[in-house]
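What the coordinates show
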Amino acid sequence: GTPPQPRGPWAHEPGAVPEGGPWGRERYEAVKKHLGAVGALSKQYWRYLACRVWQEGCEEEEKQREEGESGPMPSWSFPLVGQDYLEILSAWYCNFGKCCETGDCRIINNITGLEADLSQQLHGQHLAKEVVVRALQGFLQSPRPHKALVLSFHGWSGTGKNFVARLVASHLYRDGLRSDCVRVFISLLHFPHHNYMDSYKAQLQRQISETLQRCRQALLIFDEAEKLHSSLLEAIRPFMAQHDSKGQQRSIFLFLSNLGGNTINEVALDFWRAGRAREEIPLELLEQRLRLELQEAAESSYAHSQLLRENLIDAVVPFLPLQYQHVKLCARDAFLARGLPYTEAMLDQVAQTMVFVPKEEKLFSAQGCKSVPQRINYFLP
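Summary of the structure given here. (Residues numbered from 1 in each chain as written. Predicted model: local features only at pLDDT ≥ 70, side-chain atom pairs only at ≥ 80, totals over all residues. Heavy atoms only, no water.)

**Here we look at the pattern of salt bridges**
Note that side chains of opposite charge can pair when their charged atoms are close. As a reminder of what qualifies: The term salt bridge refers to a side-chain nitrogen of Lys or Arg lying within 4 Å of a carboxyl oxygen of Asp or Glu. Only runs of H or I of at least four residues qualify as helices and only runs of E of at least two qualify as strands under DSSP, and these elements are numbered from the N terminus. Exposed residues in this analysis have more than 50% of their type's maximum accessible area, buried residues have under 20%, and partly exposed residues fall in between, with area computed by a 1.4 Å probe over protein chains only.
Summed over the entire model, instances satisfying the criterion amount to 13 salt bridges. Between E287 and R291 there is a salt bridge, with its nearest N and O atoms 3.5 Å apart. A residue pair is termed a helical-turn pair when its members lie 3 or 4 positions apart in one helix, as E287 and R291 do in helix α11 (residues 283-296) at four residues. Put simply, K328 and D348 hold a salt bridge, and the shortest N to O gap is 3.3 Å. Taken together, the positions of K328 in helix α13 (residues 324-337) and D348 in helix α14 (residues 344-352) put the pair 20 residues apart, joining distant regions of the chain. Note on D348: relative accessible area 22%, which makes it partly exposed. Salt bridges sharing common partners tie together E234, R237 and E310.

So this is what it looks like as structure tokens:
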């Protein structure tokens, strides 16, 4: 058959060049012209980047605009290499700068990465991992969700509720908790005085509305949810109850609460006394016990229970109490996070400084893993 036609800007050249011989003059000029075009593109994009990020060199851009130089640079006219190079540089620029007004280009929804990190970094919480991944995956894959996704995290302090919320933010948004599409509210920090609830309510509604208008997908985290005043719950209920009919805007609500921790611990302790592994604890049993406890809570002390009665909470996520082996894994992660060497003996020493309950069995860490990163300082050389 006929030999294939050469590709590239130097494709057509009269005369063959012997193998191993020097390039012809015309081929040399074609390659030189091509590389010059790519270099010119790089310089142009760098000027644009410096102007946008550091506000340097913008005078030249303004001058070109005034002179009417609105057409593309010659180097941008290359159909293959030049355009590919532009896309590569654009992607690189978007890695550390915002490339759209709304922040939507920073949404990544990396559920595979979230599942992997939960498996490696979240210890002793097989139920929480399963529920969170399944709920998020189903919600994000749904073409038109009829309401917001609402997850309610329950368990003792230090069992991983805030840690999972941070992981969710970092795998749904490139900027994690710093994203314009993520808002975190801490009850006692943001709404401390009962006398100002009307002001808090208006402010909260405005902040949520602005976030939903700015982002087609918003993540709203409410920490210390058991202390959330009922009037504030009234303010956010409409945002959870419905979505737009076109399904173009999605919102995810995470409520983090210590309430229900004792119920979860009782179930875990019963399984341990019966000689059964914690991995055998069924989600249905914990969810049923939690819903009963939360619905029976006094309205004045736990306004969050209203969401359960109205079926606005899609999943109750139980966080089991952590045991000795889990505390050791948290200590290992703390050493690795700081790039410090460790031994098994050091991990045991850190775990032994923690308080374990009940008094007889000493089975569960009273603080979970909350103070482990600080305690490793006592065992450094």
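**So, the nonpolar core**
Defined as follows: Here, nonpolar core refers to any group of buried Ala, Val, Leu, Ile, Met, Phe, Trp, Tyr and Cys residues whose side-chain atoms link them within 4.5 Å. Whether two residues are in contact is decided by their heavy atoms: any pair within 4.5 Å suffices.
By size, the foremost hydrophobic cluster in this structure holds 74 residues, and its most contacted members are F222, L254 and F255. When residues of this core are assigned to their parent elements, the largest contribution, nine residues, is made by helix α5 (residues 126-141). Those residues in contact with L254 that sit more than four places away from it in its chain are L151, F153, A165, V168, L219, L220, I221 and F222. Among the nonpolar cores identified, the runner-up in size contains 16 residues, and A331, M354, C369 and F379 belong to it.

**Things to note about the sheet that holds strand β5 (residues 315-318)**
Applied cut-off: Strand pairing is assigned whenever DSSP identifies at least 2 bridges connecting the two strands. In this analysis, axes come from line fits to C-alpha atoms, helices being fitted only over the stretch in contact, and the angle between any two N-to-C directions falls in the range 0 to 180 degrees.
Across the sheet, which stays open at both edges, the five strands sit in the order β2-β3-β4-β1-β5 with parallel pairing between neighbours. Two strands close off the open sheet at either side, each with one partner strand: β2 (182-186) and β5. Here the average twist between neighbouring strands, direction ignored, is 15°. Direction of pairing for strand β1 (residues 149-154) relative to β5: parallel, over a ladder of four bridges.

**A closer look at the environment of R206**
Within the secondary structure layout, R206 lies in helix α8 (residues 197-214). For R206, a relative accessible area of 45% gives the class partly exposed. In the structure, R206 is positioned 29 residues away from A235 in sequence and 9.8 Å away in space, judged by C-alpha atoms.

**Side note on the packing of helix α10 (residues 261-273) against α11**
Defined as follows: Here is the rule for handedness: rotate from the far helix to the near one, and if that takes an anticlockwise turn smaller than a right angle the crossing is left-handed, while a clockwise turn gives right-handed. Classification used: nonpolar for Ala, Val, Leu, Ile, Met, Phe, Trp, Tyr, Cys and Pro, charged for Asp, Glu, Lys and Arg, polar for all others including Gly.
In the contact formed by α10 and α11, the axes pass within 9 Å of each other and the chain directions differ by 145°. Crossing handedness for the pair α10 and α11: right-handed. Counted together, T263, I264, E266, V267 and F271 of α10 and L285, L286, R289, L290 and E293 of α11 form the full contact between these two elements. Along the lines of polarity and charge, the residues of the contact of α10 with α11 split into six nonpolar, one polar and three charged.

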